[in-house]
Amino acid sequence: MSAGGDGLTALRERFPVLRRLAYLNAGTNGPVPAAATTAAREELEAEETRGRGGMPHFEHQRELRAALRQAYAARLGAASEDVALTTSTTDGVGRVLSALELGPDDEVVTSAEEHPGVYGPLSALRARGIEIRTVPFGAIADAVGPRTKLVVCSHVSWISGALAPAALRDLDVPVLLDGAQGVGAVAIDVAALGADAYAGSGQKWLCGPDGLGMLYVSPALRERMTPQTPGYVNLEDAAAGLDSVPAADARAYDTLALPSASLAHALASLETLGEPGWEAVHAHAHGLAQTAAEALAERGRRVLERDNTTLVAWFEDDPPATVERLAEAGVIVRPLPGGELVRASFGGWSSDDDLDRLLTALPYRPGGPTRPG
Ligand SMILES: Cc1ncc(COP(=O)(O)O)c(C=O)c1O
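Since this is a predicted model, take the numbers as computed values, not measurements.

Caption draft 1: A look at the packing of helix 2 (residues 34–50) against helix 8 (residues 260–274). Two numbers describe how helix 2 lies on helix 8: the axes approach to 8 Å, and their chain directions differ by 155°. Relative to helix 8, the element helix 2 lies roughly antiparallel. Viewed along their axes, helix 2 and helix 8 form a crossing whose handedness is right-handed. Contacts between helix 2 and helix 8 pair Ala35, Ala36, Ala39, Ala40, Glu42, Glu43, Leu44 and Glu47 from the former with Ser260, Ala261, Ala264, His265, Leu267, Ala268, Ser269 and Thr272 from the latter. Taken together, the residues that form the contact of helix 2 with helix 8 break down as nine nonpolar, four polar and three charged.

Now the structure itself:
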């Protein structure tokens, strides 16, 4: 462990999987701390013995939801009332796109480097006649035209680890950021980013369970949106029958049912990650990722140009075979779609030893580049 000292060493020890594996794939799913398993188990046991009917159950769920909303909001630099609880980044993206009620005269600008979690909801819009214009990731802020109603792109590219252009903050049209590789991986202030909406995942850099995520929506954007599938958790007054209206705050975009065990897992993971301090977590992960990029280049690998984030992607002749060989050596990374790239993810829990294991399992390639980029 090179930076951050004792706090980060203690953090690493909280993740049982790291005793066995150089787990470098939080960009897919973060490692699970033991405290999260305990918290989830306690919730399930309480439901088994206490039962799930009546006010104590629902009051407890309300408390868990409120605590998680607050914890997610802190990661986004947002107010709690502007953050909805969702099941995933994709869920959040879909909620914004449907609530904007775009029509055939409207255009959405996106980048050529997006995840299916963005392209899926956008393809549904395109099928309804809305134009979707695709431009290079780095050029997205310059691509807005007179018909553009929304810009949608990643905060951090899941391919390269590059950051979205800072010029997004100067746009007059709403910006929806896909924060799957952002939240928990880099420090975020949604207002400073110029994000009117920011959708994130709980299961990646926040080490939460599958099936939890968050969606920030600014008060100004909410005024232009109409929730399409409100349920009782989304209403201002759930007892108002057919006169009920969506909540004025971001609860209007909450996913209806979220299990207590999942909420407790997510909260315990956030608490664990916060123990050394988020600044230390980010600085350590970014430093290790940069060291990895340089070391891979020294081993003759072409590394994609990246920013100060947690992802490193490089070219291999046969990515699936490389990933399999690394897995046999106890190093977990992933191939990216397209058949050329392998991606490693570094967290605050990662160590110099993890990186050594990755490098040791990759033979030198003579004649390749010696610097990243
Ligand atoms: C950039 C990006 N967007 C969206 C997703 C999908 O995330 P979720 O499963 O939370 O919808 C991923 C997951 O890998 C991703 O990397």
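That covers the picture; the talk isn't over yet.
Caption draft 2: Unusual backbone geometry, seen in detail. Positive phi is not limited to glycine here, since glutamate 101 has a value of about 50°. Position of glutamate 101 relative to the elements: it lies in the loop between helix 4 (89–99) and strand 3 (107–111). Among the residues examined, glutamate 101 registers 11 C-beta atoms within 10 Å and is labelled exposed. A positive phi angle, close to 60°, is found at cysteine 207, a residue other than glycine. Here cysteine 207 lies in the loop between strand 7 (197–201) and strand 8 (213–217).

Caption draft 3: A look at the domain arrangement of the chain. When the domains of the chain are assigned, the result is domain 1 (6–31 + 277–360) and domain 2 (38–273). Each of domain 1 and domain 2 has a C-alpha centre, and the two are 26 Å apart. Listed per partner, the contact involves 21 residues of domain 1 and 18 residues of domain 2. Listing elements by their share of the side of domain 1 that touches domain 2, those giving two or more residues are helix 9 (278–298) and strand 9 (311–315).

Caption draft 4: Representation of the sheet that holds strand 4 (residues 131–135) within the structure. Read from one edge of the open sheet, seven strands run 2-8-7-6-5-3-4, paired in mixed fashion. Strand pairing shows two members of the sheet lacking a second neighbour, strand 2 (83–86) and strand 4, which therefore form its edges. On average, adjacent strands in this sheet sit at an angle of 20° to one another, irrespective of strand direction. Two strands pair when backbone bridges link them, and strand 7 and strand 8 are joined in this way by five bridges, in the antiparallel orientation. Following the sheet pairing, tyrosine 198 is matched in strand 8 by tyrosine 216. Across the sheet, helix 3 (residues 54–76) touches strand 2, strand 7 and strand 8, and the angle it forms with strand 2 is around 115°.

Rules behind the numbers
- Residues numbered from 1 in each chain as written.
- Predicted model: local features only at pLDDT ≥ 70, side-chain atom pairs only at ≥ 80, totals over all residues.
- Axes fitted to C-alpha atoms, helices over the stretch in contact; angles between N-to-C directions.
- Helix = DSSP H or I, 4+ residues; strand = E, 2+ residues; numbered from the N terminus.
- Parallel < 35°, antiparallel > 145°, perpendicular 65-115°, else oblique.
- Left-handed = near helix turned anticlockwise from the far one by under 90°.
- Contact = placed C-beta atoms within 7 Å.
- Nonpolar A, V, L, I, M, F, W, Y, C, P; charged D, E, K, R; others polar.
- Buried ≥ 20, exposed ≤ 12 C-beta atoms within 10 Å, placed from the backbone.
- Domains from an automatic or database assignment.
- Pairing = 2+ DSSP bridges.

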